[in-house]
Amino acid sequence: MTRDDAQTALWNGPAGQAWVQAQPTLDAMFSPFSDLLVGHAQSMSARSVIDVGCGTGATTLALADVLGEGARCLGVDLSAPMIAAARERAAASGSAARFVCSDAAHHAFVPAGADLVVSRFGIMFFDDPVAAFAHLRNAVRLGGALSAIAWRGADENPFMTTAERAASLLLPALQARRPGAPGQFAFADRTYISEVLERGGWLDVDIRPLDVECTLPAADLEAYFTLLGPVGLALRQTDAATRAKVIETLHEAFQPWVQGAYVHFTAACWRIDAGRLP
């Protein structure tokens, strides 16, 4: 199985289903990032936007709402469960946003048809990122742009790795993150990102640290750590007694971030901007 095949299997299986289940929590938690991308699209008067790795559609829907009538907002994701959820949300709200289940690294976009490509945590999963960004560049008109948000390193995001660190002794089969492999922290290194974008044909690459305070209701914390990430996948294969012990251990491990009715943490990210100039 190639890495591309592995990503497709993952996001069309348990990981994609988990994101659909956790959609309200994740949308609220990551709304500051969607707001940043939508604000950028609005500031450049974009009329055609591609949202890469759109998931269940929060950013794409917000883009269509803010940019208004006549704007073409397309969300692309290889996860069929998440695209189905995004389409249901668009239909329920009467949104003009469109969604396609496809790999953005290979999808047949209209050449030079978009003003802007955006992504909220969706660009770190390409098997061949240089080729993927070259492909996305060809979908953007001269004078168009790329604006994306990606995670910095695991060492700067302890909240994001608390579950797997705390549960590692209880879940021997827990999948370790592979350095350099597609995944959440694949774009941890700024120099690497810059090289990938420049080799993909993008110009004026600008990569800046972005630290955002995020919250989620404490009542949603257990669902968060039992559904998502390596621990969420591993828990699908455990017995009831082990699952109960893991949940007890993780509640204790996450206590430093719990303040009353809410969980607070800092998301250490990169704000990535680049252009396709005449």
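Here, every reference points to the structure presented above.
Rules used throughout
- Residues numbered from 1 in each chain as written.
- Predicted model: local features only at pLDDT ≥ 70, side-chain atom pairs only at ≥ 80, totals over all residues.
- Heavy atoms only, no water.
- Helix = DSSP H or I, 4+ residues; strand = E, 2+ residues; numbered from the N terminus.
- Axes fitted to C-alpha atoms, helices over the stretch in contact; angles between N-to-C directions.
- Parallel < 35°, antiparallel > 145°, perpendicular 65-115°, else oblique.
- Left-handed = near helix turned anticlockwise from the far one by under 90°.
- Contact = heavy atoms within 4.5 Å.
- Nonpolar A, V, L, I, M, F, W, Y, C, P; charged D, E, K, R; others polar.
- Core = buried A, V, L, I, M, F, W, Y, C linked by side-chain atoms within 4.5 Å.
- Buried < 20%, exposed > 50% of the residue type's maximum accessible area, 1.4 Å probe, protein only.
- Arc of directions from axis to C-beta.

### Digging into unusual backbone geometry
In this structure, Ala112 is a non-glycine residue whose phi angle is positive, near 50 degrees. Mapped onto the elements of the fold, Ala112 is located in the loop between β3 (98–101) and β4 (114–120). For Phe121, which is not glycine, the phi dihedral falls at a positive 65 degrees. Tracing the sequence through the fold places Phe121 in the loop between β4 and α7 (129–138).

### Considerations on the packing of helix α8 (residues 158–167) against helix α12 (residues 240–253)
With their axes 9 Å apart at the nearest point, α8 and α12 run at an angle of 130 degrees to one another. Comparing the axis directions of α8 and α12 gives the class oblique. Note that α8 runs across α12; the crossing there is right-handed. Facing Thr162, Ala163, Ala166 and Ala167 of α8, the residues of α12 in contact are Val246, Thr249, Leu250 and Ala253. A breakdown of the residues in the contact of α8 with α12 according to their chemical character gives six nonpolar, two polar and no charged.

### Brief notes about the side chain of Thr56
Inspection of the secondary structure assignment puts Thr56 in the loop between β1 (48–52) and α5 (58–67). Ignoring any residue separated from it by four or fewer positions in sequence, one finds Thr56 in contact with Trp19, Val20, Gln23, Asp27, Met82, Ala85, Ala86 and Arg89.

### Some thoughts on the nonpolar core
One finds Phe33, Ile123 and Phe133 to be the most contacted residues of the largest nonpolar core, which totals 89 residues. Ignoring anything within four residues of it in the chain, the contact list for Phe33 reads Arg120, Phe121, Ile149, Leu210, Val212, Cys214, Ala267 and Cys269.

### Re helix α2 (residues 14–21)
Burial in α2 covers these residues: Ala15, Gly16 and Ala18. End-on view of α2: buried residues confined to an arc of 160 degrees, all on one side of the axis.

### Some details on the side chain of Ser194
Within the secondary structure, Ser194 sits in helix α9 (residues 190–199). Judged by relative accessible area, Ser194 falls into the buried class, the value being 18%. Ser194 has contacts with Val205 and Ile207, leaving out every residue within four places of it along the chain.

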